[in-house]
Amino acid sequence: MAMRINVMKRAVQALNGTIGRWKSSAASAAATSSPDGLNFAISAEQLEYQELAKKFAEEKIIPKAAEYDKTGEYPWDLIKEAWSLGLMNTHIPADCGGMDLGILDAVIVTEELAYGCTGVQTAIEANSLGQMPVILAGSEAQKQKYLGRMIEEPMMCAYGVTEPIAGSDVAGIATRAVKKGDEYVLNGSKMWITNGGHANWYFVLARTDDNPHKCPTKAKEFTGFIVEREWEGVEPGRKEWNMGQRASDTRGITFTDVRIPKENVLTGQGAGFKIAMGAFDKTRPPVAAGAVGLAKRAMDEATKYSMERDAFGQKICNFQAVGFMLAEMAIGVEASRLLTHRSAWEIDQGRRNTYFASIAKAYAADVANKTATDAVQIFGGNGFNSDYPAEKLMRDAKIYQIYEGTAQIQRVIVSREMLSKAKERWG
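Residues numbered from 1 in each chain as written. Predicted model: local features only at pLDDT ≥ 70, side-chain atom pairs only at ≥ 80, totals over all residues. Heavy atoms only, no water.

**Q** Looking at this model, I keep getting lost on the packing of aromatic side chains. Mind explaining?
**A** Between two aromatic rings, the relevant description is the distance of the centres plus the angle of the planes. Evaluated as defined, the whole model comprises 13 aromatic pairs. Among the aromatic residues, ring-to-ring pairing joins Tyr159, Phe203 and Phe280 into one connected group. Note that Arg284 overlies the ring of Phe280, its terminal NZ or CZ placed 4.3 Å from the centroid. Lying over the aromatic face of Tyr115, Arg297 brings its terminal NZ or CZ to 5.7 Å of the ring centre. (Phe/Tyr/Trp six-rings, centres within 6.5 Å; stacked < 30°, edge-to-face > 60°. Lys NZ or Arg CZ within 6 Å of the ring centre and 35° of its normal.)

See below:
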């Protein structure tokens, strides 16, 4: 842990010319809470993470983002540099060699990286989704083996739950693992797996109950596994050419008679669904932060353009119609950031944040889409042209209303949580 923190410390010094005091994540989280009550300030250490990520986005990501969008090439050079600076894998526990940072810390970093390019940011942040089931439910041996290796060198992992016929309906997945002696034999396929073609290992959710009618609940039908890419029978498909976020690698993965040792079962048979869903409480706040970063970039690009573009004898920012659009952008960015920080802060306090995480993810995703669309409108004809940044932002934004739970699923969760609290209160 000390080595990785020193790397970040030197990086901040080099990029920023300052050295701060580095404390544990617990002290960092405590600094965000005032003993006198509500406090919107982030800590000195978090400001340094933020500045490091901001410099990296401005100096490294933005100059290359358009080219990665055109080619679809995986941004290994940026990923390796982000890893060397300590800007990825921030959740890995200290006893595995990681920095053990909180979710609020990750949210602060993620917003800045997403400002540069959400495709690059998604490739980096998807590691956290793949790791989270192991962080939450892995044995000590599993954590040391699979999280520890990600500290030793730049390496990717992936979260394998979605299938061609099962997206939001997780209970509809068909991939099956059959227990045979001390092993499970896995067959099936996953789809839309981020980092799928570059992952060293996958978290895979599969059916394991031979007689689901005897299961006490549907959730008990599923088990979580750690599956290594190099095992026989693991076959990533072609890279999907998506509407946006093209620097991110998305593929289908096929599993044919893959033999999984019992040591790679997370917690035990039947625990997989709870593990898979539990990961989202910690990973949805950073996804919301990515949407905030994109919205902030769209707002900034639209604002700069409106201050340069002349029409009817004046800068278009002086027209009320444009000014109001910019004001709506600012309102959305500020509100979605506050919601995102609240959702991250709640889980860092050890409290269940499902309600806040879904609100943040839903709202920030909608704001990102509206802000990017309005940015295209302010750019006018130029906004429809790929030589300008607005059209890429609009394409990149759409996925925030789809992945890690659609906009509609977030509202299902929020309404369910609301009604549960209402029934407790009013019966």
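Back to the text.
**Q** Please clarify how the pairing of strand 1 (residues 156–160) should be interpreted in this entry.
**A** When a strand is regular, its side chains alternate between the sheet's two faces. In terms of residue burial, strand 1 counts as a mostly covered element, since five of its five residues are buried. Going residue by residue along strand 1, you find Met156, Ala158 and Gly160 tucked away on one face and Cys157 and Tyr159 tucked away on the opposite face as well. One ladder, built from five bridges, connects strand 1 with strand 4 (residues 199–207); its direction is parallel. Counted as the bridge partner of Tyr159 is Phe203 from strand 4. (Buried < 20%, exposed > 50% of the residue type's maximum accessible area, 1.4 Å probe, protein only. Helix = DSSP H or I, 4+ residues; strand = E, 2+ residues; numbered from the N terminus. Pairing = 2+ DSSP bridges.)

**Q** What should I look at first to understand the pairing of strand 7 (residues 250–261) in this one?
**A** With nine bridges connecting them, strand 3 (residues 183–194) and strand 7 associate as antiparallel partners. Bridge assignment links Glu183 to a residue of strand 7, and that residue is Pro261. As defined by bridge partners, strand 6 (residues 234–236) adjoins strand 7 across three bridges and the pair is classed as antiparallel. Bridging from a neighbouring strand, Val234 pairs with Phe255 of strand 7.

**Q** Just to check I follow, could you spell out the environment of Gly244 for this structure?
**A** Within the fold, Gly244 resides in the loop between strand 6 and strand 7. In the structure, Gly244 is positioned 154 residues away from Lys398 in sequence and 7.7 Å away in space, judged by C-alpha atoms. For Gly244, the contacting residues outside a window of four places in its chain are Arg395 and Asp396. (Contact = heavy atoms within 4.5 Å.)

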